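For reference, the chains in residue letters:
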Amino acid sequence: MYIVDRTARFVRGFLLSYGPSSVKKRFWDKEYSQEKWTFAYNTVGDCVYPHLERYTKNAAILDIGCGSGNTGTEMAGHYRSYLGVDISEAALAKARRRSQECGRGDKNSFACSDFLTYVPPSQYDVILFRESLYHVPLGRVKETLDRYSAYLKHNGVLVVRLFASSGDSPNGKDKPRPAAMLRIVETKFEVLEKARYNLPGQPIVMVVRPIMGPEALS
Ligand SMILES: C[S@@+](CC[C@H](N)C(=O)[O-])C[C@H]1O[C@@H](n2cnc3c(N)ncnc32)[C@H](O)[C@@H]1O
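Residues numbered from 1 in each chain as written. Predicted model: local features only at pLDDT ≥ 70, side-chain atom pairs only at ≥ 80, totals over all residues. Heavy atoms only, no water.

(A) Examining the packing of aromatic side chains more closely. Evaluated as defined, the whole model comprises 6 aromatic pairs. Counting every residue linked through ring pairs, the aromatic cluster contains F27, W28 and Y32. Above the face of the Y134 ring, R177 is positioned so that its terminal group lies 5.0 Å from the ring centre. (Phe/Tyr/Trp six-rings, centres within 6.5 Å; stacked < 30°, edge-to-face > 60°. Lys NZ or Arg CZ within 6 Å of the ring centre and 35° of its normal.)

Put into structure tokens, the structure is as follows:
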């Protein structure tokens, strides 16, 4: 039973990172339609918000893998515009409704796309990957962040939030995949902020920007 369970989880994880867009879309639409993420619909006070707040005054924000609209409805309202991108239309329907309900219907917009191929329509002050980098194949993390960096305004930043460990215990062991992703972020970008929170899942938030000048080539 243990082996069957582990294999199923491996196949699922593999398809969600490396599978075709149609498979990923079907999976996420089903998750959101069956309300499997209701437990995560209220993340007011999340550790990512104080970091975001420092960079979002009058800012244009691009939220990659935005889900059902937590960030767009919960973060401080001092931003100028917010565009959330997600592969799940079911998630986006919730995000649109929640944005309307909290009076941010005019400031928030959404696009349904696979973020591995999405082409942003503008330049942004903040590009956020909140619990979504996990679904980028490890070998494409740097390339994906570089590609999105091209859509940052001068002085714009990338914000990455990832659970470092599994389980509810604050002392859980670090998971190798997020750890490898965070190492890439930390070593290939200029780190402006990095914080690890002693909470279940040990969330880590990093604020980074592309390395400029000769070091960018190393
Ligand atoms: C764990 S949820 C995080 C949602 C949101 N960022 C939050 O923190 O509340 C991951 C989200 O990434 C989206 N996602 C996964 N793979 C994607 C892909 N290839 N393209 C676009 N969105 C994707 C899923 O639909 C899901 O909404």
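(B) The arrangement of the site of the ligand in detail. The local shell around the ligand holds 16 residues, among which Y32, G65, D86, F115 and R130 are the closest. Between a nitrogen atom of the ligand and a main-chain N or O atom of I87, the distance comes to 3.1 Å. Here a nitrogen atom of the ligand and a side-chain polar atom of D114 are 2.9 Å apart. Across the complex, the protein chains shield 94% of the 590 Å² of accessible surface that the ligand would expose by itself. Split by residue class, the shell around the ligand holds 6 nonpolar, 5 polar and 5 charged. (Near = heavy atom within 4 Å. Polar contact = N/O pair within 3.5 Å; in protein donor to acceptor, adjacent residues only side chain to side chain. Areas by Shrake-Rupley, 256 points an atom, 1.4 Å probe, with all protein chains shown as cover. Nonpolar A, V, L, I, M, F, W, Y, C, P; charged D, E, K, R; others polar.)

(C) Inspection of helix 2 (residues 21-33) at higher detail. Along its 13 residues, helix 2 runs 18 Å from first to last C-alpha, staying within 8% of the 18 Å computed at 1.5 Å per residue. Listing the buried residues of helix 2 in full gives K24, F27, W28, D29, E31 and Y32. The first or second residue beyond helix 2 is E35, which carries a positive phi of 55°. (Helix = DSSP H or I, 4+ residues; strand = E, 2+ residues; numbered from the N terminus. Expected span 1.5 Å × (residues − 1). Buried < 20%, exposed > 50% of the residue type's maximum accessible area, 1.4 Å probe, protein only.)

(D) Structural view of the pairing of strand 7 (residues 203-210). Extensive coverage of strand 7 is indicated by the burial of 7 of its 8 residues. Pairing of strand 5 (residues 152-163) with strand 7 involves 6 bridges; the strand directions are antiparallel. Its bridge partner lying in strand 7, L162 is registered against I204. Where strand 6 (residues 189-196) meets strand 7, 7 bridges bridge the pair, whose relative direction is antiparallel. If you follow K194 over to strand 7, its bridge partner there is M206. Linking two consecutive strands that pair antiparallel, namely strand 6 and strand 7, is a turn of 6 residues; a positive phi of about 85° is found at G201 within it. (Pairing = 2+ DSSP bridges.)

(E) Up close: the side chain of D46. Residue position: D46 is located in the loop between helix 2 and helix 3 (48-53). Within the structure, the side chain of D46 is placed 3.0 Å from the backbone nitrogen of V48, a separation counted as a polar contact. In this structure, D46 is in contact with R130 and R161, ignoring residues within four places of it in sequence. (Contact = heavy atoms within 4.5 Å.)

(F) Quick peek at unusual backbone geometry. Even without being glycine, N155 reaches a positive phi, approximately 70°. Looking at the secondary structure, you find N155 in strand 5. For Q202, which is not glycine, the phi torsion reads 45° and is therefore positive. Positionally, Q202 belongs in the loop between strand 6 and strand 7. With relative accessibility at 8%, the residue Q202 sits in the buried group.

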